[in-house]
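Here's the letter readout for the chains.
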Amino acid sequence: MGELIGETESLCPVCLKIIPARKVADSGKVYLEKTCPEHGDYKVLIWRRDARHYLDWAKGSEKGSGPLHSFTTVDKGCPYDCGLCPEHWTRACTMIMELTLRCNLGCPVCFASADASRDYEPDMEVIRGMYEATMGGVGACTIQLSGGEPTVRDDLPQIIALGREVGFNHILVNTNGLRIAREPDYLRRLKDAGASAIYLQFDGVTDDVYQYTRGRDLFDIKRQAIDNCDREKIGVILVPTLVPGVNDHQLGDIIQFAKSWIPTVKGVHLQPISYLGRYPHPPGDEDRITIPDVIEALECQTEGELKWQDFLPRHAQDSHCSFSSFFIMTREGKLQALSNLARGRVTGWGSSTGPPPEESSRRFMSRHWRLGEGCCESCNTGNFFDRVLNYYLTITCMPFQDVWSVDIDRLRGCCGHVVTPGRRIIPFCAYYLTNSSGERLYPSSLVDAITPK
Ligand SMILES: [Zn+2]
């Protein structure tokens, strides 16, 4: 038995019916408990700290301002009406555009489950429609061009240029790095077309990690990709998918690696694994990495260079979705948190009198996830403000929800979305959600686009 600390709704992992759920504190941890009348009881670890910590963390939560325009109406209830529906609480910080299902890797760990047998790809006219739906539905958010693997498309530079033309000034390329490692010319064309930064899958600093997560040695390729970005002066965000027992012991090494590439590497964005696809048995506590686990590992594995108090809930949506932090590199080569010092000013985070939360998240990404203007070697000798402008590292974390952990209130506040060729906007965690047999709540929009209605 545990102590009830909150209530929400969730989904049955088998039949995907909406069912009530309870947040329960038990033995210094927080669980989501739910029962499907047909398929039984579920108890899922969501926070490996006590109830007080979980509730305190929520003090940063604030509802956003809702969509500018809804493309769907409320009918069956969240999460079945995504489009966004008028009951969504936030606009969008980030919009993902899937450009292909093709991939040049076959990863065991893949959100998008690229499927080469489906070869539909949106053409320029459809892509323009996706950009326009985004602009009309949520405004000028950060765009992430994704896949599959978007760099398999030779027309990616034109797609980026089109996004700039429609009015998006922060466009990231979400990639495994294979092509930009091998073809610096292609990378240059992405940059010249207006790409703001490379959002690079980066699971660790040794090949055994890549063997597990991606099925092959990739560390040298990652390093080459970053080196090419350094030459071309385009910023990089390292994006590790954290898997218990595989790379969660490398967090400290990943931070050290990122530091060695400042100012080209602008941020490390950590994504604890979520369980999408076919899982006949529910993942256990030991399969879960929660936000407190990540912070504790960061402090421990950097021997206190990074500290618990450096990491704050992002002032947006449901604060249990993420943390953010902003560090400058001191002359002694240490990371120094500015998170507490200058919250709301230097970092772009909101304050109670600031802009709505999704706007502050957008500013955070737009300011910090690109290479500073006029950045060069001599910046290293500059004053405090030069260092803040260029010699910094953001460390952020966003665990995605899966069918076991999904909390409908969190989903309603979700500010990472996917735009489909059919011009619908769907929260990321709903879009990729599958039941325990691997069937998706929402079919891949690219497959959907060629399936007769
Ligand atoms: Zn059920």
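Computed from a predicted structure; not experimentally measured.

Asks: Describe the state of the cysteines, naming the residues involved and giving the relevant values.
Replies: In total, this model carries 1 disulfide according to the counting rule given. Residue pairing for C93: its cysteine sulfur links by disulfide to C415, the two sulfurs lying 1.9 Å apart. In this structure, the disulfide formed by C93 and C415 twists by about -95 degrees around the S-S bond and is classed as left-handed. A residue pair is termed long-range when its members are at least 10 positions apart, and C93 in the loop between helix 1 (51-57) and strand 5 (94-98) and C415 in the loop between helix 12 (408-412) and strand 17 (416-419) qualify at 322 residues. Pair check on accessibility: C93 and C415 agree, each one buried. C82 provides the cysteine sulfur closest to C78, a residue in no disulfide bond, and the two sulfurs are 5.8 Å apart. Taking relative accessible area as the criterion, C78 reaches 18% and is therefore assigned buried.

Asks: Could you give me a rundown of helix 8 (residues 251-260), with the residues and numbers involved?
Replies: Counted residue by residue, helix 8 has 7 buried out of 10 residues, so it is predominantly covered. Residues of helix 8 that are buried: L251, G252, I254, I255, F257, A258 and K259.

Asks: Account for the environment of I46, with residues named and values stated.
Replies: Note on placement: I46 falls in strand 4 (residues 40-47). When its relative accessible area of 18% is taken as the criterion, I46 is described as buried. It is 8.9 Å that separates the C-alpha atoms of I46 and D285, two residues lying 239 residues apart in sequence.

Asks: How would you sum up the confidence of the model for the protein? Please name residues and give values.
Replies: On average, the protein scores 85 in pLDDT, and the residues at 70 or more come to 85%. Below pLDDT 50 for its whole length, residues 342-353 participates in 31 contacts with residues either more than four positions away or in separate chains.

Asks: Give a detailed account of the coordination of the zinc ion, specifying residues and quantitative values.
Replies: Every protein donor of the zinc ion is listed here as C12 (SG), C15 (SG), C36 (SG) and H39 (ND1), and their distances to the metal cover 2.1 to 2.3 Å. One can describe the site at the zinc ion as tetrahedral: its 4 donor atoms subtend angles covering 104 to 117 degrees at the metal. Taken in sequence order, the residues that donate to the zinc ion follow the motif C-x2-C-x20-C-x2-H. Of this pair, C15 sits in the loop between strand 1 (3-11) and strand 2 (18-26) while H39 is found in the loop between strand 3 (29-36) and strand 4, placing the two residues 24 residues apart along the sequence.

Asks: Describe the sheet that holds strand 1, listing the residues and the values that go with them.
Replies: Within the open sheet, the 4 strands sit side by side as 1-2-3-4. Their pairing is antiparallel. Each edge of the sheet is formed by a strand with only one pairing partner; in this case those strands are strand 1 and strand 4. This sheet shows a mean twist of 25 degrees between the axes of neighbouring strands, independent of strand direction. Where strand 1 meets strand 2, 8 bridges bridge the pair, whose relative direction is antiparallel. Counterpart to G6 in the pairing with strand 2 is K23.

Asks: Could you give an account of the pairing of strand 7 (residues 171-175), with specific residues and numbers?
Replies: Here strand 7 lies mainly inside the structure; 5 of its 5 residues are buried. Both faces of strand 7 are covered, namely the face carrying I171, V173 and T175 and the face carrying L172 and N174. In this fold, strand 6 (residues 142-146) hands off to helix 3 (residues 156-166), which returns the chain to strand 7; that crossover is right-handed. As paired strands, strand 7 and strand 8 (residues 197-201) are joined by 4 bridges and run parallel to one another. The partner of V173 across the bridge, within strand 8, is I198.

Asks: Can you explain the nonpolar core? Please cite residues and give values.
Replies: Core analysis: the largest hydrophobic core is formed by 85 residues, its most contacted members being Y131, L145, F202, L238, L298, F323 and I395. Leave out the neighbours within four places in its chain, and Y131 touches M97, I143, L145, I159, I160, L162, G163, V166 and F168. Listed in part, the 30 residues of the second largest apolar core include V243, Y275, W404 and Y431.

Asks: Help me get a handle on the packing of aromatic side chains, residues and values and all.
Replies: Overall, the coordinates contain 15 aromatic pairs when judged by the stated rule. Centroid distance Y131 to F168: 5.7 Å. Interplanar angle 35 degrees. Geometry classified as tilted. Linking Y131 in helix 2 (residues 124-138) with F168 in the loop between helix 3 and strand 7, this pair joins segments that are 37 residues apart in sequence. With respect to class, Y131 is no different from F168; both count as buried. Consider the rings of F202 and F257, whose centres lie 4.9 Å apart with planes at 25 degrees: the pair is stacked. Taken together, the positions of F202 in the loop between strand 8 and helix 6 (207-214) and F257 in helix 8 put the pair 55 residues apart, joining distant regions of the chain.

Asks: Help me get a handle on the packing of helix 2 against helix 3, residues and values and all.
Replies: Axis separation between helix 2 and helix 3 bottoms out at 10 Å; the angle between their running directions is 35 degrees. Seen from above, helix 2 lies across helix 3 with right-handed handedness. Contact with helix 2, carried on its side by M124, I127, R128, Y131, E132 and M135, involves Q158, I159, I160, L162, G163, E165 and V166 of helix 3 and no other residues of that element. In terms of residue class, the contact of helix 2 with helix 3 is built from 8 nonpolar, 2 polar and 3 charged.

Asks: Summarise unusual backbone geometry; cite the residues concerned and give the values.
Replies: Of all residues except glycine, most have a negative phi; of all peptide bonds, most are trans. A cis amide bond links C78 to the next residue, P79, at an omega of 10 degrees. A positive phi angle is found at L16, which is not glycine, with a value near 60 degrees. Turning to its location among the elements, L16 is positioned in the loop between strand 1 and strand 2. For L16, a relative accessible area of 10% gives the class buried. Its identity as a non-glycine residue notwithstanding, R423 has a phi of 65 degrees, on the positive side. By the element assignment, R423 lies in the loop between strand 17 and strand 18 (425-427). Judged by relative accessible area, R423 falls into the partly exposed class, the value being 40%.

Asks: Got a sec to walk through helix 3? Specific residues and values, please.
Replies: Taken together, the buried positions of helix 3 are occupied by L156, P157, I159, I160, L162, G163 and V166. Those residues of helix 3 that are buried are in contact with helix 2, strand 6, strand 7 and helix 5 (184-193). With its phi angle positive at about 125 degrees, G167 sits one or two positions after the end of helix 3.

Analysis parameters
Residues numbered from 1 in each chain as written. Predicted model: local features only at pLDDT ≥ 70, side-chain atom pairs only at ≥ 80, totals over all residues. Heavy atoms only, no water. Disulfide = S-S within 2.5 Å. Helix = DSSP H or I, 4+ residues; strand = E, 2+ residues; numbered from the N terminus. Buried < 20%, exposed > 50% of the residue type's maximum accessible area, 1.4 Å probe, protein only. pLDDT = per-residue confidence, 0-100. Contact = heavy atoms within 4.5 Å. Donors = N, O, S within 2.8 Å, 3.2 Å for Na, K, Ca; no water. Tetrahedral: all angles 85-135°; square planar, octahedral: opposite > 155°, others 65-115°. Pairing = 2+ DSSP bridges. Axes fitted to C-alpha atoms, helices over the stretch in contact; angles between N-to-C directions. Right-handed = clockwise from strand over helix to strand, strands pointing away. Core = buried A, V, L, I, M, F, W, Y, C linked by side-chain atoms within 4.5 Å. Phe/Tyr/Trp six-rings, centres within 6.5 Å; stacked < 30°, edge-to-face > 60°. Left-handed = near helix turned anticlockwise from the far one by under 90°. Nonpolar A, V, L, I, M, F, W, Y, C, P; charged D, E, K, R; others polar.

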